[in-house]
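# Descriptive analysis of the structure
Now for the letters of each chain:
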Amino acid sequence: MSLIGKQSPPIETSPEVSVREKRSLNFSRAQIYPFLLFFALLLVLYFRIFSFPFIFLDDQWLIYDNPYLQELSWENLTTIINPFAPRHDLGGEYLPLRDLSYFFDRLIWDFAPGGYHLSSFLVHALTCLLLFFFMKKLFSHSQLAFWTSAIFAFHPLQVEAVCWASARKDLLYVFFLLCSFLCYLSKEKKSYGGALLCFLAATLCKAPAVIGAFILGLFHIYFPEKVQHRSLKSYFLFPLLAVFLAIMHMSVYADPAPTEKFHWAYVLFSVSFSLSYYLKLFSFPVNLALEYPLPADFISSWDISAYLSILLCLLISIAIAYSFLLARKNKMFFGIPFFAISLIPTLYIVSFRSISPIADRYMYLAIIGLSMSMGYLLFQISTISKKHKCYSFLILAFFFLLSWQRISYWQEHEKLADDNVLRYPEVKSSLMRRSFQLAEKGQFNEAWEVFQRLGNDHKYWLQKARLLKKIKQYTLAENTLQFWLPSAQKKWRKTRAIALQLEMHTLKGEEEKALQILHKWFWEQSQRSKIQEKALVQVGDMKQRHGKHQEALLYYERALLLFPKEAYIYSKIGDIHLQLKKMPTAEKWYDQALSLAPDYLPAKINLGWCFFYQKKYQEALSIAKNILEKEDNPYAKLLREKSLQELGNSKK
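Now for a quick tour of the structure. (Residues numbered from 1 in each chain as written. Predicted model: local features only at pLDDT ≥ 70, side-chain atom pairs only at ≥ 80, totals over all residues. Heavy atoms only, no water.)

## Brief notes about the overall build of the protein
Within the protein, the secondary structure is distributed over 35 helices and 0 strands. The proportion of buried residues among the 652 residues of the protein is 54%. Surface exposure of the protein reaches about 31,300 Å², of which carbon and sulfur atoms provide 61%. (Helix = DSSP H or I, 4+ residues; strand = E, 2+ residues; numbered from the N terminus. Buried < 20%, exposed > 50% of the residue type's maximum accessible area, 1.4 Å probe, protein only. Areas by Shrake-Rupley, 256 points an atom, 1.4 Å probe, with all protein chains shown as cover.)

## Considerations on the nonpolar core
Core analysis: the biggest nonpolar cluster contains 111 residues, and Tyr46, Phe134 and Met363 have the highest contact counts within it. Non-local contacts of Phe134, meaning those with residues more than four positions away in its chain, are made with Leu178, Phe181, Leu182, Leu185, Phe219 and Met372. In this structure, Ile498, Val539, Leu578 and Leu594 belong to the second largest nonpolar core, which totals 47 residues. (Core = buried A, V, L, I, M, F, W, Y, C linked by side-chain atoms within 4.5 Å. Contact = heavy atoms within 4.5 Å.)

## Describing the pattern of salt bridges
In this structure the tally under the stated criterion is 13 salt bridges. Here Asp170 and Lys206 are joined by a salt bridge, their closest N and O atoms 2.5 Å apart. Separated by 36 residues along the polypeptide, Asp170 in helix 10 (residues 168-185) and Lys206 in the loop between helix 11 (191-203) and helix 12 (212-222) bring together distant segments of the chain. For Lys206, a relative accessible area of 9% corresponds to the buried category. One salt bridge connects Asp541 with Lys572, and the closest N-O pair in it is separated by 3.1 Å. On the criterion of sequence distance, the pair formed by Asp541 in helix 29 (residues 530-545) and Lys572 in helix 31 (residues 567-579) is long-range, its members being 31 residues apart. Its relative accessible area of 22% is what places Lys572 among the partly exposed residues. Here the salt bridges share partners, and the residues they tie into one network are Glu93, Arg98, Asp99 and Lys169. (Salt bridge = Lys/Arg side-chain N within 4 Å of Asp/Glu carboxyl O.)

## What about the packing of helix 31 against helix 32 (residues 583-596)?
At a minimum axis distance of 8 Å, the contact between helix 31 and helix 32 shows a crossing angle of 165 degrees. When the interaxial angle is binned, helix 31 and helix 32 end up roughly antiparallel. Helix 32 is crossed by helix 31, and the crossing has left-handed handedness. Residues Ala567, Tyr570, Ser571, Ile573, Gly574, Asp575, His577 and Leu578 of helix 31 pack against Met583, Thr585, Ala586, Trp589, Tyr590, Gln592, Ala593 and Leu596 of helix 32. Here the contact of helix 31 with helix 32 is composed, by residue class, of 10 nonpolar, 5 polar and 1 charged. (Axes fitted to C-alpha atoms, helices over the stretch in contact; angles between N-to-C directions. Parallel < 35°, antiparallel > 145°, perpendicular 65-115°, else oblique. Left-handed = near helix turned anticlockwise from the far one by under 90°. Nonpolar A, V, L, I, M, F, W, Y, C, P; charged D, E, K, R; others polar.)

## What to know about the packing of helix 8 (residues 142-154) against helix 20 (residues 363-382)
Where helix 8 contacts helix 20, the axes come no closer than 7 Å and their chain directions differ by 130 degrees. Considering the angle they form, helix 8 stands oblique to helix 20. Remark: the crossing between helix 8 and helix 20 carries right-handed chirality. In contact with Gln143, Leu144, Trp147, Thr148, Ile151 and Phe152 of helix 8, helix 20 contributes Tyr364, Ile367, Ile368, Ser371, Met372, Met374, Gly375, Tyr376, Leu378, Phe379 and Ser382. Its residues assigned to classes, the contact of helix 8 with helix 20 comprises 12 nonpolar, 5 polar and no charged.

## Digging into helix 30 (residues 549-562)
Since one α-helical turn is 3.6 residues long, residues separated by three or four positions face the same way. Helix length check: helix 30, at 14 residues, gives a terminal C-alpha distance of 20 Å against a target of 20 Å (1.5 Å per residue), a fit within 8%. Listing the buried residues of helix 30 in full gives His549, Ala552, Leu553, Tyr555, Tyr556, Ala559, Leu560 and Leu562. (Expected span 1.5 Å × (residues − 1).)

## Some remarks on a nonpolar patch on the surface
Together, Phe39, Leu43, Val44, Phe47, Leu122 and Trp404 give the surface a local cluster of nonpolar side chains, amounting to about 490 Å² of exposed area. Counting residues per element, the nonpolar patch draws most heavily on helix 2 (residues 32-46), at 3 residues. The topology assignment puts Val44 in helix 2. (Patch = residues over 30% accessible without salt bridge, like charges linked within 9 Å, V, L, I, M, F, W, Y side chains within 5 Å.)

## Structural notes on the packing of aromatic side chains
The description of an aromatic ring pair rests on the distance of the ring centres and on the angle between the ring planes. In total, this model carries 36 aromatic pairs according to the counting rule given. Ring geometry for Phe398 against Phe399: centres 6.4 Å apart, planes inclined by 35 degrees, an arrangement best described as tilted. We classify Phe398 as partly exposed; its relative accessible area is 45%. For Phe399, a relative accessible area of 3% translates into the label buried. (Phe/Tyr/Trp six-rings, centres within 6.5 Å; stacked < 30°, edge-to-face > 60°.)

## Focus on the environment of Lys206
Note: C-alpha distance between Lys206 and Glu93 (113 residues apart in sequence) is 9.0 Å. Those residues in contact with Lys206, other than ones at most four positions away along the chain, are Leu95, Lys169, Asp170, Tyr173 and Tyr362.

## Section: unusual backbone geometry
Its identity is not glycine, yet Asp110 carries a phi of approximately 60 degrees, on the positive side. Secondary-structure assignment places Asp110 in the loop between helix 6 (96-109) and helix 7 (113-139). Unlike most non-glycine residues, Lys615 shows phi in positive territory, near 65 degrees. Position of Lys615 relative to the elements: it lies in the loop between helix 33 (601-613) and helix 34 (617-630). Judged by relative accessible area, Lys615 falls into the exposed class, the value being 64%.

Shape descriptors only; they carry no functional weight alone.
In structure tokens:
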């Protein structure tokens, strides 16, 4: 017996929609107030994240320490857009729209974390709105669209993507995919070009967006009346473009093949386990974690859980096949293949890796399919009676409260890492991050103890060398790198390892070895990179510490030729001339540094001392006062006292 009462409105609509029904498909004024309430509830749920700091997990290197965000220059902007530019400091990925979103956040908010969180929240809110219109366009029913978008908006699995600034790419690619879907469904003349453009934009936010081309194919199976204005010839351009973009993305940042090979049966188990685990996370979103163990960590041998996972995967496959047969009769089966197809990029069925990691943010697109099914169920329940409608809202309230609790975990990155290490001590990436957190706090012995639990996994040897460098175990770090480098297959990983090796030689004062590495790997590079700049400056610093000022100048000037808009290099050249007591020359270099970065503190202070040594005490005093108005700096205080003393003596 159907759950729909006699008076409930039907989901299916006839091809000949009346004028009144057509008007109901538009966004009327009567719907503004429910949407304002919806947005207000979403704001109440997430308003706390505006005061959250950056999270140690990726936010530090991707945003706060990203050299392309340190200076808002045209050169950095074009580097982000240029597909042939080095991607070392961008995770080896070509995701220009994600990086541009950070660039404009930097322009508006500087490095205030709240601004970045606000941007992520707004993208999520707009995505929820687009999902409402998408569902309404497909099913011509506002209530079903409301329940689906509400589950999508308030589900606890969405918290990670919204609270974590580094997960912005997940928000953006789903936003653009929904725009592409809506354009594809539209009958406007220019909508096809808009669908292609939005699909391309989605793939430039995150590589798995290519799966959207195959989701579009589902429209022709389940909703042929909605896409009858689109020929199959026009559709096939999307999968062709998707294949091309997938190859491009894999060539840029695909991980090398693991040394350990897995049997096809274990790969099948990994895929089955991941699918069943995602269903569990959606249905019972409690005890969510930052990172979940891999299937190999859960099950060491083939036990009942393995067979149950494969059985569930087979049932899902049968349900998808059955849904294709009933596509014309019951369109609500559309959510099942939508869910399964959306997860394909995260399951590594065709990939360089054989085991699929599990994360909440990977569900950001796939959850739409499950939200359709659950939204349909809640809609059906709500149509029985007012009492049953309360039950549906209670389920939404339950998700809201779970999300509220989950958001509190994202306030402190240390709490996240500690929680994950305690709950899942077998998750290696959590152990690695926790060890670096301890090292940042100066707890080196504890950091090394945590890191040793990773074992000899080659994937973490570069991080191991970085940690050893932090705890000043340079010899061990160098040995680790030398052992790991021959097996490093990605160029950008190898470049980072060699840059780390050079840094350790400069710290130890091994000038000859540092120069050998510099000339072999960085001096001859045809493409400019921030690592190359850093290497030249490091060798220059080493030469300066050894008192070889003229040689240091050569390295600084070479770095300046490659990167003429870096204020700190001008300041370093000024420092050398200041040490050589060439005050007018030093003054010119400091002026150039401050013209590029007016608030660059080392150049300001040293320019003040440059004035002081030239007996321009009034100018030196003015600089000291200017610095002290903004912050309490001991060097500026000393400069002020000395300048006042000399001015007093001159008056006497």
